[in-house]
There are 2 protein chains.
Amino acid sequence: MTPTITAFANSPDRGAGLSRDMRVRWALEEVGQPYDVRLVSFRQMKEPAHLARQPFGQIPTYEEGDLVLFETGAIILHIAERHPHLLPDDPDARARAISWMFAAVGTVEPPILELQTARFAEGQESWTEQRLPQVKDRIRVRLGQLALRLGDSDWLDGAFSAADIMMVHVLLRLKPSGLLDEFANLAAYCARAQARSAYQRAFAAQLAVAQAAAR
Amino acid sequence: MTPTITAFANSPDRGAGLSRDMRVRWALEEVGQPYDVRLVSFRQMKEPAHLARQPFGQIPTYEEGDLVLFETGAIILHIAERHPHLLPDDPDARARAISWMFAAVGTVEPPILELQTARFAEGQESWTEQRLPQVKDRIRVRLGQLALRLGDSDWLDGAFSAADIMMVHVLLRLKPSGLLDEFANLAAYCARAQARSAYQRAFAAQLAVAQAAAR
């Protein structure tokens with residue numbers, strides 16, 4: 001059964017690959033699972049039909065027959081349970097990879113979201129320029145800890161896994177800020193992931209949506 | 001094999017049950033699994049021995065023989081895979097519960113963490129008083145969406161599950177702010193969870209640590 005995901009009809013990043021549908025597209029490309037995409041406008045995202053799928057009015061969602069999922073971590077975990085190679089077979093290694101999936105969205109992403117909020121929602125506020133250095137320093141703390149753990153490993157824990165999809169995509173959201181490039185091994189980690197053919201196919205697919213919307 | 005978790009030797013909340021070890025204690029009590037606790041000081045949390053278990057210098061961690069896990073979502077998912085009743089048996093219902101586990105830490109908690117940061121890390125800054133209403137309004141958006149979905153259901157999706165442990169504990173962090181009480185069904189949802197005997201045993205266990213530390 002071909003799953004259907006939702007994505008922005010008009011992505012705020014204009015196809016830079018920073019929207020969260022990118023994570024799910026990438027995972028589906030890694031396992032070779034074709035998928036359909038339903039594009040939703042900002043207005044549609046707040047309407048009951050979409051809220052029934054995604055209570056917080058966000059993208060992506062994942063539909064497979066009667067099953068409807070939200071949250072990229074849960075969607076990718078579901079894909080990983082139905083296809084080989086996204087998570088280790090060894091139960092302990094698999095549980096550790098899931099630790100990293102939760103760490104990506106629960107520990108590394110929150111200070112990065114704070115930077116986005118400071119720049120956009122609070123961009124015109126009187127305090128924002130003065131406040132930004134603190135916001136960035138809190139991100140640097142997390143990046144420093146992650147860089148220390150990654151060291152010169154290729155991936156977070158052994159072979160490439162769903163954990164790397166989640167973490168790399170969270171880190172890529174920092175690309176425009178320049179913060180990622182302060183940590184050479186993290187920048188190289190992201191570049192290594194972006195060189196994967198599955199990443200590139202997913203990136204091209206979301207870029208094509210943005211380019212069609214811009215016409 | 002009895003697992004070992006880590007918890008604060010001196011919890012910043014003095015036993016109010018808001019530290020993240022509470023989630024894991026609660027899940028272990030729900031399934032009737034005894035556990036050991038290793039208390040760590042703030043200094044120890046930043047030392048190599050703890051960072052080897054928890055790359056971000058936080059608590060809790062979970063050790064079971066050679067397996068070391070971090071992130072409450074991953075730890076509770078691991079417990080749920082080894083014990084009945086924490087997640088539904090039906091694969092679709094299980095996947096939906098995992099969506100909610102990720103939503104708790106990835107979507108609902110980040111604006112709540114922002115409030116904590118505003119109050120503590122930025123508590124003395126000139127902009128904080130003026131900025132707090134915006135921070136609180138962003139939390140209200142999430143709570144409103146969650147309240148709409150929960151409606152008059154007892155739990156997030158069918159029977160009580162690991163999803164409710166994660167979500168309730170994230171929401172309880174708002175208790176001191178008064179925001180939770182603006183949403184009657186969410187306040188009742190948390191109260192319903194807190195009335196569970198497993199919650200109460202977990203709460204008593206973490207409170208005993210705080211009381212011993214205060215002596």
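Participant: I'd like a description of the nonpolar core, backed by residues and values.
Facilitator: Generally speaking, soluble globular proteins have nonpolar side chains that are buried together. Counting residues in each nonpolar core, the largest one holds 105 residues, and the members touching the most others are Ala162(A) and Ala162(B). With residues up to four places along the chain from it excluded, the contact list for Ala162(B) reads Ala27(B), Ile76(B), Leu77(B), Ala80(B), Leu86(B), Leu87(B), Ala97(B) and Met101(B).

Participant: So, the sheet that holds strand S1 (residues 4-8) of chain B: which residues are in play, and what are the values?
Facilitator: All names here are of chain B. Across the sheet, four strands lie side by side as S2-S1-S3-S4; this open sheet has mixed pairing. Of all strands in the sheet, those bounded by a partner on one side alone are strand S2 (36-40) and strand S4 (67-70). Strand-to-strand twist in this sheet, taken as the mean axis angle between neighbours without regard to direction, amounts to 25°.

Participant: Can you break down the domain arrangement of chain A residue by residue, with the values?
Facilitator: All names here are of chain A. Under the domain assignment used here, chain A contains domain 1 (4-85 + 198-214) and domain 2 (91-196). Taking only C-alpha atoms into account, the centre of domain 1 sits 20 Å from that of domain 2. On the side of domain 2, 13 residues touch domain 1, which itself brings 13 residues to the contact. Put simply, the parts of the chain that give the side of domain 1 that touches domain 2 at least two residues each are helix H1 (21-31), helix H4 (72-82) and helix H9 (197-214). The element best represented in the side of domain 1 that touches domain 2 is H4, accounting for five residues. Residues of the side of domain 1 that touches domain 2, tallied by class, amount to nine nonpolar, three polar and one charged.

Participant: Give me the lowdown on the packing of H1(A) against helix H7 (residues 162-172) of chain A, citing residues and values where you can.
Facilitator: Residue and element names in this part refer to chain A. Contact geometry of H1 with H7 gives a least axis separation of 10 Å together with a crossing angle of 150°. Here H1 lies roughly antiparallel to H7, going by the angle between them. H7 is crossed by H1, and the crossing has right-handed handedness. Contacts between H1 and H7 involve Met22, Arg23, Trp26 and Ala27 from the former and Ala162, Ile165, Met166 and His169 from the latter. Its residues assigned to classes, the contact of H1 with H7 comprises six nonpolar, one polar and one charged.

Cut-off values and rules
- Residues numbered from 1 in each chain as written.
- Chains lettered and ligands numbered in written order.
- Predicted model: local features only at pLDDT ≥ 70, side-chain atom pairs only at ≥ 80, totals over all residues.
- Core = buried A, V, L, I, M, F, W, Y, C linked by C-beta atoms within 7 Å.
- Buried ≥ 20, exposed ≤ 12 C-beta atoms within 10 Å, placed from the backbone.
- Contact = placed C-beta atoms within 7 Å.
- Pairing = 2+ DSSP bridges.
- Helix = DSSP H or I, 4+ residues; strand = E, 2+ residues; numbered from the N terminus.
- Axes fitted to C-alpha atoms, helices over the stretch in contact; angles between N-to-C directions.
- Domains from an automatic or database assignment.
- Nonpolar A, V, L, I, M, F, W, Y, C, P; charged D, E, K, R; others polar.
- Parallel < 35°, antiparallel > 145°, perpendicular 65-115°, else oblique.
- Left-handed = near helix turned anticlockwise from the far one by under 90°.

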